[in-house]
Amino acid sequence: MDVYQEAVCYLESQHVPVEAETEVLEEDVFQEEAVSCLLSPLLPKSLDFPDTPTFSSPEEMLERRLVVLKGILESEEVYLRELEALLMPMKALRASAGTSQPVLSSRQVQTVFYQVPELRDMHQSFFSGLKARLSAHCQTEPGSGAEGEMSYAGFELMVGDLFLKMVNQIGLYGGFIENYEKAVEVVRKCTHSDPRFRTLAQSMMSSNGSDKTRTTYTFEALLYKPLDRVTKTTLVLRDLLNTTPMEHGDYTFLQEALRLSRSFLSGVNESSQCKREVTLSHGMRRQLMRDGFVVDVSEGERSLRHLFLYTDLLLCTRFKQATRGKQDQYRFCWYVPLAGLKLHWIADQERSLDTNLRLHTIRTKMHLLRQQLQQHAGSKGLALAARSRKKMEQLELMLLTHSPVYTLELHSPSCKSHTLLLSSLYELEEWREAIHKLTTDNIETVPPDLLTLTSACVKLRMTQQPPLHSTNTVENEESLCGTLSVAIHSACGLQQPACVYVCVEVDGYEFYDKQAQTHSSVHSLNPHWDQELSFQVDGAKHLRVFCVSQSDGQDDTVLGKASVKLESKTLNKRWRRQTLHLGQVEVTLSLKYCPHLLKPPSSTAQQQPVFCIPIETVAQQEGVLVPHVVRCCVDEVERRGMGEVGIYRISGTTSDIAMLKTAFNSNLREAVTRLRSAEVNAVTGVLKLYFRELPQPLIPTEMFQSLARMLDIQDINSRLVSMLSLLHSCPDPNRHTFLYLLHHLQRVSEKQDVNRMSLQNLATVFGPSLIRPPVVGLGQDGPTVDISQEVVVQVQVVLCYLQCNNLPEAQTSLPHDTDPEDETTHM
């Protein structure tokens, strides 16, 4: 059967109206499509090349090939404008969904625009790459009379990898086609019931490019565009392959792209038939819901597997990529019914030292190969580049197998268990949500024909290849390369108090760590972190943010997630503040980006120690004004220690304090986790130890004599004014940390009826640690004070500050909102 006819049969089986080739909607096309022969490769009257090339010479074929490529480029531009026109009202409709009078509900917005942004991004990437290569080729194209040079230049123009990359993502159209009928139903229903939507749906506009005219569409006509597009992809690839000489470097790429395209179109048609083959006892049909590559752990061994989620079962297969001229194959590994399936996931696991060393070796080799590819870009070393890219893919497959740390455990009622590993929390949550949604429907499983089911995977699959970044041969100028800093400030919108942390992921090459997490907050409705996370990125385009709740003895719960597109033109060295909507939770963060050449990946970066280090250094390392060790200890004391008798006076055990000190010096997240279960007196002990071990005291020694003299001022108000004025001469981290501690100690003393800690007692405990006299003989001016008087001065100075009722507020973090306006991003 003709490939186009297969696609038509499939669309009709899905009750999707298919228009005859000779008829088009009036608003279906731009005006220039009807008259421009350059757009012909995607139209019925295209350059109709036979299956076997008949041109007399490679030069003629290459000339015709260039015409086809230019036609594809212009047609892509038209299609992108149509997709942009379709997406234009999405942001406004999504914003109105949260109001009291929405045009569409959030669910309806999701249904109408399902997979459209992803299709737009896929074709935008393809269009940009193709345009760049054609532009470079045309600039160097020789004039007439240079046939030999023309032939060589035609062979130098390589675009096959762009088409193969696009076809590898063609599975996105499968989701769009599955959803198309629902989307049209929503559009028709709302068009009839809501005059606001009717006005929008019947008058959607798009520009026609350089001539500045505009074309009017209906919403439904724009929704039909992707269907019309995907059915003609195979025709375009066939035309391009027929104008490409067999000895051209693109030929094998285009052959594979054509095979995958044909497989997809026939696969979705067979998928429609397959879904009707098995009917479950409650009337639901078995159909493929999701698929993708995961790491399966069996007896301690890791293996990359292709996982298929059907309506009633999970099927794990081993993917065997086809050699040239053959079809991909899948081998059965295991399956589990969804009925009664229990899920357990672990947010993060520590890698062993051996694993870290192995990953570092792989990343170092990949970075070297990446540099070699960049050096040979645009040169004539095509064979060398192809070999380097092949090695990159092999190394990235190894990294994909050995780097994942997120665990998803599957436990079936038959006591069978399987462990899956994923490298992304975003991907894990997508799988968990999809499986959980099906398992809650109490699905009954009909025993599958495993041979038939496994054999059908080739045609049913929506994911063609493992997610390898190295297969992207086009350098996107908008992707980030340098240092991306993310400051996580706070969250709000929690339904109940919880211990919450924020996880951040970036995409791009796997040379560097791509995930980072804040420490867990105290039990609160409005958690605060003010924690800065830093990423070395290469080829990053997206940032993903998760808000996760921790519960003792239970799985962590993802409260919400969002994805942010990273654009180099909107990010710079100044902080840019944003508020992300992660479902019901709002997370406030700031971003800044510094582009630069990246150094080779180093072994796993160790956190810089915080004890026995000047407070200015620690604050600069953490990007804050009050170090995290101080804030986390204070938060924990205020959470559960305010009623403890003798708090700060009674010390914890030496071993517990040493354990917490070691944790803070090596891993902040681990330290905060240990704080939660430590004795509260150990928490106060580590806080006192931090101030005691500062190389320079919190109040600089050069201020000791001045503060001692101020204690002689008889008028209390005048004394406080002088002391507060002197405090302003302290470095910012010292001043704000001191004020932060003073406010905390004042709150502790408010509970002195219970904890027996008055301001005098607290000043006695902290005075000698916070203020120290100058060391004799180090050039300090002024009279020396004997040891007994030193202690009196230390205690009295801190007591005077504690007795002040109008202490300035402490600022815990550096300002991150240097841009004049906040940008609130709704996700």
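What you see is a predicted model, and the numbers here were worked out from it, not measured in a lab.

### Looking at unusual backbone geometry
Residue Cys 415 is not a glycine yet carries a positive backbone phi of 70 degrees. Mapped onto the secondary structure, Cys 415 falls in the loop between strand S8 (406-411) and strand S9 (417-422). Residue classification places Cys 415 among the exposed residues on the basis of a relative accessible area of 71%.

### Looking at the pattern of salt bridges
Any two side chains of opposite charge can pair if their charged atoms end up close together. Scanning the entire structure with this criterion turns up 24 salt bridges. Between Arg 120 and Asp 121 there is a salt bridge whose closest N-O contact spans 2.9 Å. You can call Arg 120 buried: its relative accessible area is 19%. Classification of Asp 121 by relative accessible area gives partly exposed; the value is 29%. Between Asp 530 and Arg 631 there is a salt bridge; the shortest N-O distance is 4.0 Å.

### Digging into empty space enclosed by the protein
A complete count under the given rule lists six cavities of 30 Å³ or more for this structure. One number sums up the size of the largest cavity: a volume of about 130 Å³. As for the largest cavity, its lining consists of 15 residues, and the residues nearest its centre are Glu 76, His 123, Met 166, Arg 229 and Thr 233. Mapped onto the lining of the largest cavity, the elements with two or more residues apiece are helix H2 (58-87), helix H5 (116-140), helix H7 (160-168) and helix H11 (233-242). Taken together, the residues of the lining of the largest cavity break down into eleven nonpolar, two polar and two charged.

### Digging into the packing of aromatic side chains
Scanning the model with the defined rule gives twelve aromatic pairs in all. Plain terms: the ring middles of Phe 319 and Tyr 330 are 5.2 Å apart, the flat faces sit at 40 degrees to each other, and that makes the pair tilted. Linking Phe 319 in strand S5 (residues 313-320) with Tyr 330 in strand S6 (residues 329-337), this pair joins segments that are eleven residues apart in sequence. Summarising the aromatic geometry, the rings of Tyr 648 and Phe 766 are spaced 5.1 Å apart at their centres and angled 65 degrees between planes, so their arrangement reads as edge-to-face. You can see Tyr 648 sitting in the loop between helix H19 (628-640) and helix H20 (654-666) and its partner Phe 766 sitting in helix H27 (residues 759-770), a full 118 residues away along the chain. Assigned by exposure class, Tyr 648 and Phe 766 land together as buried. Here the aromatic residues Phe 293, Phe 308, Phe 319 and Tyr 330 are joined through ring pairs into a cluster of three or more. Taking the ring centre of Trp 431 as reference, the NZ or CZ of Arg 290 above it sits at 4.8 Å. Directly above the ring of Tyr 501 sits Arg 669, whose terminal nitrogen or CZ lies 4.1 Å from the centroid.

### Some remarks on the packing of H19 against helix H22 (residues 680-692)
Where H19 meets H22, the closest approach of the two axes is 10 Å, and the angle between their N-to-C directions is 150 degrees. It follows that H19 is roughly antiparallel to H22 by the angle criterion. Between H19 and H22 lies a crossing whose hand is left-handed. Residue-level contacts link Val 629, Val 630, Cys 633, Val 634, Glu 636, Val 637 and Arg 640 of H19 to Val 680, Val 683, Thr 684, Val 686, Leu 687, Tyr 690 and Phe 691 of H22.

### As for the environment of Cys 804
Positionally, Cys 804 belongs in the loop between helix H28 (787-802) and strand S18 (823-825). Apart from residues no more than four positions distant in its own chain, Cys 804 is found in contact with Leu 720, Leu 724 and Gln 746.

### Quick word on the nonpolar core
Tyr 648, Phe 664 and Phe 691 are the most contacted members of the largest nonpolar core, which has 69 residues in total. When sequence neighbours within four positions are dropped, the list of residues in contact with Phe 691 reads Val 630, Leu 698, Thr 737, Leu 741, Phe 766, Ser 769, Leu 770 and Arg 772.

### Here's the deal with the sheet that holds S9
If you trace the seven strands from one edge of the open sheet to the other, you get S6-S5-S4-S3-S9-S8-S7, paired in antiparallel fashion. Each having just a single partner strand, S6 and strand S7 (342-346) make up the two edges of the open sheet. Across this sheet, the average inter-strand angle for adjacent strands is 35 degrees, counted without regard to direction. Across three bridges, the pairing between strand S3 (residues 288-298) and S9 is antiparallel. Bridge assignment links Val 297 to a residue of S9, and that residue is Thr 419.

### Some thoughts on the environment of Glu 301
Its place among the elements puts Glu 301 in strand S4 (residues 301-310). Residue Glu 301 is classed as exposed on the basis of its relative accessible area, which comes to 55%. In sequence terms Glu 301 and His 402 are 101 residues apart; their C-alpha atoms lie 9.9 Å from each other.

### Notes on the environment of Lys 91
For Lys 91, the location among the structural elements is in helix H3 (residues 90-96). Taking relative accessible area as the criterion, Lys 91 reaches 70% and is therefore assigned exposed. The spatial distance from the C-alpha of Lys 91 to the C-alpha of Val 109 is 9.5 Å, given a sequence separation of 18 residues.

Reading the values: the criteria
- Residues numbered from 1 in each chain as written.
- Predicted model: local features only at pLDDT ≥ 70, side-chain atom pairs only at ≥ 80, totals over all residues.
- Heavy atoms only, no water.
- Helix = DSSP H or I, 4+ residues; strand = E, 2+ residues; numbered from the N terminus.
- Buried < 20%, exposed > 50% of the residue type's maximum accessible area, 1.4 Å probe, protein only.
- Salt bridge = Lys/Arg side-chain N within 4 Å of Asp/Glu carboxyl O.
- 1 Å grid on protein atoms, 1.4 Å probe; cavity = no way out; pocket = protein on both sides within 12 Å on 5 of 7 lines; lining within 4 Å.
- Points joined across faces, edges and corners; volume = space filled by probe spheres on them.
- Nonpolar A, V, L, I, M, F, W, Y, C, P; charged D, E, K, R; others polar.
- Phe/Tyr/Trp six-rings, centres within 6.5 Å; stacked < 30°, edge-to-face > 60°.
- Lys NZ or Arg CZ within 6 Å of the ring centre and 35° of its normal.
- Axes fitted to C-alpha atoms, helices over the stretch in contact; angles between N-to-C directions.
- Parallel < 35°, antiparallel > 145°, perpendicular 65-115°, else oblique.
- Left-handed = near helix turned anticlockwise from the far one by under 90°.
- Contact = heavy atoms within 4.5 Å.
- Core = buried A, V, L, I, M, F, W, Y, C linked by side-chain atoms within 4.5 Å.
- Pairing = 2+ DSSP bridges.

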